[in-house]
Amino acid sequence: METLGNALTKEIERCQELLVTYAAMGPSRAFCALTLKQLIDVTLKAMMADDVVVMVRAYEALRACE
């Protein structure tokens, strides 16, 4: 069984790879990249603050990113 912290870390890494992909697509994905970057930042802050409610919500949001 995986912990929330481990699962979030994996999703953050996956979404950071998406950011690289979005950057390669140029301006057409700029808004998506900005939104994803903000979501990653919120997730990291929640992890540092041990805010479990925000962490769970962020995990679901990160999982939905494509």
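Our structure's up above, just so we're on the same page.
From a predicted model like this one, the values you see are computed outputs, not experimental measurements. (Residues numbered from 1 in each chain as written. Predicted model: local features only at pLDDT ≥ 70, side-chain atom pairs only at ≥ 80, totals over all residues. Heavy atoms only, no water.)

Quick notes on the packing of helix H1 (residues 4-24) against helix H2 (residues 30-49)
Threshold: Working convention: axes come from line fits to C-alpha atoms, limited for helices to the stretch in contact. Angles between N-to-C directions cover 0 to 180 degrees. Helix and strand assignments follow DSSP, with helices taken as H or I runs no shorter than four residues and strands as E runs no shorter than two, numbered in order from the N terminus. In what follows, roughly perpendicular refers to angles from 65 to 115 degrees, roughly parallel to angles under 35, roughly antiparallel to angles over 145, and oblique to any angle outside these ranges. A clockwise turn of the near helix away from the far one marks a right-handed crossing, whereas an anticlockwise turn of less than a right angle marks a left-handed crossing. Only heavy atoms matter for contacts: two residues are in contact if any of them lie within 4.5 Å across the pair. Residues were grouped as follows: Ala, Val, Leu, Ile, Met, Phe, Trp, Tyr, Cys and Pro as nonpolar; Asp, Glu, Lys and Arg as charged; and all remaining residues, including Gly, as polar.
Between H1 and H2, the least distance of the axes is 10 Å, while the angle of their chain directions is 160 degrees. In this view, H1 runs roughly antiparallel relative to H2, as classed from their interaxial angle. The handedness of the crossing between H1 and H2 comes out as left-handed. Here H1 contributes Gly5, Leu8, Thr9, Ile12, Cys15, Gln16, Leu18, Leu19 and Tyr22 to the contact with H2, which in turn contributes Cys32, Ala33, Leu36, Lys37, Ile40, Thr43, Leu44 and Met47. For the contact of H1 with H2, the per-class residue count stands at 12 nonpolar, 4 polar and 1 charged.

Structural notes on the side chain of glutamate 11
Residue placement: glutamate 11 occurs in helix H1. Every residue in contact with glutamate 11, bar those within four places of it in the chain, is listed here: Tyr59, Leu62 and Arg63.

Some words on the nonpolar core
Formally: Put simply, buried Ala, Val, Leu, Ile, Met, Phe, Trp, Tyr and Cys residues joined by side-chain atoms within 4.5 Å make one nonpolar core. Residue burial is assigned from relative accessible area. The probe radius is 1.4 Å, only protein chains are included, and a residue is buried under 20% of its type maximum, exposed over 50%, and partly exposed in between.
Counting residues in each nonpolar core, the largest one holds 16 residues, and the members touching the most others are Cys15, Leu18, Leu36, Ile40, Leu62 and Cys65. When contributions to this core are tallied by element, the ones reaching two or more residues are H1, H2 and helix H3 (52-63). Tallying contributions element by element places H1 first for this core, with 7 residues.

Digging into the pattern of salt bridges
Selection rule: Any Lys or Arg side-chain nitrogen found within 4 Å of a carboxyl oxygen on Asp or Glu counts as a salt bridge.
Under the definition given, this model contains 3 salt bridges. The salt bridge partner of lysine 37 is aspartate 41, with a shortest N-O separation of 2.9 Å. Here aspartate 41 and lysine 37 lie together in helix H2, a separation of 4 residues that amounts to about one turn. Taking the relative accessible area as the measure of exposure, lysine 37 reaches 41% and is therefore partly exposed.

Brief notes about the packing of H1 against H3
Packing of H1 against H3 brings their axes to within 10 Å, and their N-to-C directions diverge by 40 degrees. Regarding the angle of H1 to H3, the classification is oblique. Two packed elements cross with a definite hand, and for H1 against H3 that hand is left-handed. On H3, the residues touching Leu4, Ala7, Leu8, Glu11, Ile12, Arg14 and Cys15 of H1 are Val52, Met55, Val56, Ala58, Tyr59, Leu62 and Arg63. Residues of the contact of H1 with H3, tallied by class, amount to 11 nonpolar, no polar and 3 charged.

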